[in-house]
Amino acid sequence: MRAVTLRTLIFLAISFIWCIAPGTILGASYRDMPHTAEELLERLDSAIDERDTYIMRRTSEIDSMVMNLSSSPFERTAGYIDIAKKYKSLCADSAIIYLRRASADAYSLSDSVLIFRSRMALAAILPLVDLEREAILIFESVDAEELPSEWKREYYDGAADMYTIISDRAMALPVLSEKYGAKADSYRQHAMRYYPPESPEWLFHEACRFYFDGNCSAAMISGNELLERTDITDALYGRGAELMARISASQGNDEDEFYYTLHGALSETLRGDREGMSLQRLGHLLYNRGDIDRAHSYLSVALTNASYGMGYHSYLVGESLMIIDKAYRSQWSRNYMLLWVITGMMVLLLLVMTVMLLRYRRYIKNMRKEHDIVLRLQDDRRLYLANFLRVCSISMRRISELSRTVKRKLAARQFEELFNIIKSGNYIDEQRRDMFGIFDSTFLKIYPTFVDDLNTILRPDEQYVIPADGRLMPELRIAALTRIGLTDTARMAEFLGYSPNTIYAYRAKIRAKAIDSSTFDHDFQALSTRV
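Rules and cut-offs
- Here the residue numbers are simple positions, counted from 1 along each chain's written sequence.
- Under the rules for a predicted model, residues below a pLDDT of 70 receive no local features and side-chain atom pairs below 80 are neither given nor counted, while totals for whole chains, interfaces and linings still include all residues.
- Note: side-chain values were computed over all heavy atoms of the structure, leaving out hydrogens and water.
- A run of DSSP states H or I qualifies as a helix once it reaches four residues; a run of E qualifies as a strand once it reaches two. Both are numbered from the N-terminal end.
- With a 1.4 Å probe rolled over the protein chains alone, any residue whose accessible area is under 20% of its type maximum counts as buried; one over 50% counts as exposed, and the rest are partly exposed.
- The contact criterion used is simple: two residues touch if any of their non-hydrogen atoms lie within 4.5 Å.
- With residues, only the protein chains shown are counted as cover, and all accessible areas are computed by Shrake-Rupley using a 1.4 Å probe.
- Should a side-chain nitrogen of Lys or Arg be within 4 Å of a carboxyl oxygen of Asp or Glu, the pair is scored as a salt bridge.
- Multiplying 1.5 Å by the residue count of a helix minus one yields the expected span of that helix.
- Patch members must show over 30% relative accessible area and no salt bridge, and they are joined within 9 Å when carrying like charges or within 5 Å when they are nonpolar side chains of Val, Leu, Ile, Met, Phe, Trp or Tyr.
- Here a polar contact is taken to be a pair of N or O atoms separated by no more than 3.5 Å, where protein atoms must pair a possible hydrogen donor with a possible acceptor and residues adjacent in sequence count only if both atoms sit in side chains.
- Angles here are taken between N-to-C directions and fall from 0 to 180 degrees, while the axes themselves are lines fitted to C-alpha atoms, restricted in helices to the stretch in contact.
- Each angle gets one of four labels, with under 35 degrees taken as roughly parallel, over 145 as roughly antiparallel, 65 to 115 as roughly perpendicular, and the rest as oblique.
- Handedness of a crossing is defined here by the sense of rotation of the near helix relative to the far one, left-handed for an anticlockwise turn of less than a right angle and right-handed for a clockwise turn.
- The criterion is simple. A nonpolar core is a set of buried Ala, Val, Leu, Ile, Met, Phe, Trp, Tyr and Cys residues joined through side-chain atoms within 4.5 Å.
- A pair of Phe, Tyr and Trp rings is counted when the ring centres sit within 6.5 Å of each other, with Trp represented by its six-membered ring. The angle between the planes then sorts it: under 30 degrees is stacked, over 60 is edge-to-face, the rest tilted.
- The rule for a charge over a ring is simple: NZ of Lys or CZ of Arg within 6 Å of the ring centre, and within 35 degrees of the ring normal.

(A) Here's a closer look at the overall build of the protein. Counting its regular elements, the protein contains 23 helices and 0 strands. Burial analysis of the protein (531 residues in total) assigns 42% to the buried set. The contacts of the protein with a sequence gap of at least 6 include a subset with a gap of at least 24, amounting to 66%. When the accessible area of the protein is evaluated, it comes to approximately 29400 Å², of which 58% is carbon and sulfur surface.

(B) Fine view of the pattern of salt bridges. This structure, assessed with the given rule, holds 18 salt bridges. A salt bridge links Arg-246 to Glu-242; its shortest N-O distance comes to 3.6 Å. Linking Arg-246 with Glu-242, this pair stays in helix H12 (residues 235-250), spanning 4 residues, or about one helical turn. Assigned by exposure class, Arg-246 and Glu-242 land together as buried. Salt bridges here are not isolated pairs; linked through shared partners, they connect Asp-168, Glu-242, Arg-246 and Arg-281.

(C) Just helix H10 (residues 200-213), in detail. Given a rise of 1.5 Å per residue, 14 residues ought to cover 20 Å, and the 20 Å separating the end C-alpha atoms of H10 matches this to within 8%. Against the buried residues of H10 lie helix H8 (149-169), helix H9 (174-192), helix H11 (216-228) and H12. Just beyond H10, the residue with positive phi is Gly-214, at close to 90 degrees.

(D) Focus on unusual backbone geometry. For Ser-110, which is not glycine, the phi dihedral falls at a positive 55 degrees. For Ser-110, the position within the fold is in the loop between helix H5 (92-109) and helix H6 (112-125). For Glu-198, which is not glycine, the phi dihedral falls at a positive 70 degrees. Note on placement: Glu-198 falls in the loop between H9 and H10. For Glu-198, a relative accessible area of 35% gives the class partly exposed.

(E) Geometry of a nonpolar patch on the surface. Together, Met-337, Leu-338, Val-341, Ile-342, Met-345 and Met-346 make up an exposed nonpolar region whose accessible area comes to about 600 Å². In this structure, Ile-342 sits in helix H16 (residues 314-411).

(F) Just the side chain of Thr-230, in detail. Structurally, Thr-230 is set in the loop between H11 and H12. For Thr-230, the side chain forms a polar contact with the main-chain oxygen of Leu-226, separated by 2.5 Å.

(G) Region of the structure containing the packing of H10 against H12. At their nearest, the axes of H10 and H12 sit 11 Å apart, and the two run at 20 degrees to each other. With respect to H12, the element H10 is oriented roughly parallel. In this structure, the crossing between H10 and H12 has a hand that is left-handed. In contact with Pro-200, Glu-201, Phe-204, Ala-207, Cys-208 and Tyr-211 of H10, H12 contributes Leu-236, Arg-239, Gly-240, Leu-243, Arg-246, Ile-247 and Ser-250.

(H) Fine view of the environment of Arg-209. When you line up the elements, Arg-209 lands in helix H10. Spatially, the C-alpha atom of Arg-209 lies 9.6 Å from that of Ala-182, the residues being 27 residues apart in sequence. Filtering out sequence-adjacent residues up to four positions away, Arg-209 remains in contact with Asp-185, Arg-188, Gln-189 and Met-192.

(I) The arrangement of the environment of Ser-222 in detail. Within the secondary structure, Ser-222 sits in helix H11. For the pair Ser-222 and Trp-202, spaced 20 residues apart in sequence, the C-alpha to C-alpha distance is 9.5 Å. Setting aside residues up to four positions removed in sequence, Ser-222 forms contacts with Leu-203, Glu-206, Ala-207 and Phe-210.

(J) Representation of the nonpolar core within the structure. Core analysis: the biggest nonpolar cluster contains 48 residues, and Tyr-87, Tyr-155 and Tyr-163 have the highest contact counts within it. Breaking this core down by element, the ones donating at least two residues are helix H3 (51-67), helix H4 (73-87), H5, H6, helix H7 (132-140), H8 and H9. Sorting elements by how many residues they give to this core places H8 first, with 9 residues. Apart from residues no more than four positions distant in its own chain, Tyr-87 is found in contact with Ile-62, Ala-92, Ser-94, Ala-95 and Tyr-98.

(K) View of H6. Across its 14 residues, H6 extends 20 Å between first and last C-alpha, which sits within 8% of the 20 Å expected from 1.5 Å per residue. Counting buried residues along H6, 11 of its 14 residues qualify, which places the element largely inside the surrounding structure. Those residues of H6 lying buried are Leu-114, Ile-115, Phe-116, Arg-117, Ser-118, Met-120, Ala-121, Leu-122, Ala-123, Ala-124 and Ile-125. Lining the buried residues of H6 we find H4, H5, H7 and H8. Two or three places before Val-113, at the opening of H6, Asp-111 has a side-chain oxygen 3.0 Å from that residue's backbone nitrogen.

(L) The arrangement of the packing of aromatic side chains in detail. Enumeration according to the criterion identifies 18 aromatic pairs in this entry. One aromatic cluster is present, built from ring pairs that chain together Phe-139, Tyr-155, Tyr-156, Tyr-163, Tyr-180, Tyr-187 and Tyr-194. One cation-aromatic arrangement involves Arg-101 over Tyr-80; the distance from NZ or CZ to the ring centre is 5.3 Å.

Below is the structure:
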């Protein structure tokens, strides 16, 4: 009891703060509501976020009623009926439990008023949990003509609502749906007699009758007037908005259907109502409009509502599940396709990057090779210059020595010895030998693989080996001179100190060692093009 009291106090505090909070839409009429669907959607999103608060408010109200039940059997039974009516749109199973308890107590008390009230309330709720036949039997067991006038409004209202629910449930069977719809219309006609003309209840019944008769324009007028004169937290507002959405749908006006369904869903949510179907229908409409996330959110809430004993919703539960499944399958398919597109683009990008990387690596490799060639050429230039200076130095030294020897011999009048020295040619041979040594070492440093390259076109048993002292044999020296572009036989003979015939003989010797002597010149020329 203390726990219930504490929760009730919390509810009252929350309710007070909520009602005075800025921007609240509780107590708002149709005229006060946003005029665009987008604004209504934003309001509905906020309301759904606070849905537990609205449901807690209703639960706290019911707890307060339970806590304050009278000890008098008659008043307690009447309290059961009132609690059941509060539970009707929140949890049908709980409402039925209280009504069956009230009905049993009423019969035990032999109170005809309580018996009638409990039976009428029970019959109005039973269709919500798929017990239409029991509800029909209850209503048909009552002779309306014998009822006191103060009971007839409740009877006709309950019968009209019951047959409307059954008619909606039978939409897949047009003949049966029309039959129960006609019964609902007949009971509405009777119910209107017991309401003041132009009252909200009277306007609702009038709009329903116009809609059933096919007069949609008149139904829209009555429905709009009903919404303008009703608070959004009134159950009649939600039912009126749902009716207006159906009328708009029958006229093919999709925008108005969506707009009025939004009003109905917002009214249901603010009331903490689990009975209404506007939120579920709104999920369908949003799905058709492509708003998959909102559709899933709203349908999930609607399906949660259906799980609280609202069998009236069960015929749309399967369809809702299919819609959610279809929506997410569609979303998954799009995401899957997008994933493949992204994967394909990434693979393509990877291939492009791989090709670019390979080209870059090849470019770097070529640049390094060219850099090495440049460095080698720089070294070669330094080597050329150093060896040139070395040759010049040796030549100047030989000439200086020869000049001193000539001067000394002439001064001593040793003409015959001087003639013998010149005749022997020793100075020239020594000069040429030193020059050949410099040429051989320089050439092998510049072309270190020359001999190995030349051996590739010679027979294995005829290949050359470089002597340990690094000096080239005459035919290799002739091949080396040819490699650096000295192909003129006379100039080569003059440089080497050979006769032209000797040069030809050495060339023929090398050609004779070739694997294919007929292509030797071409093969050797190919070697000469290597860097």
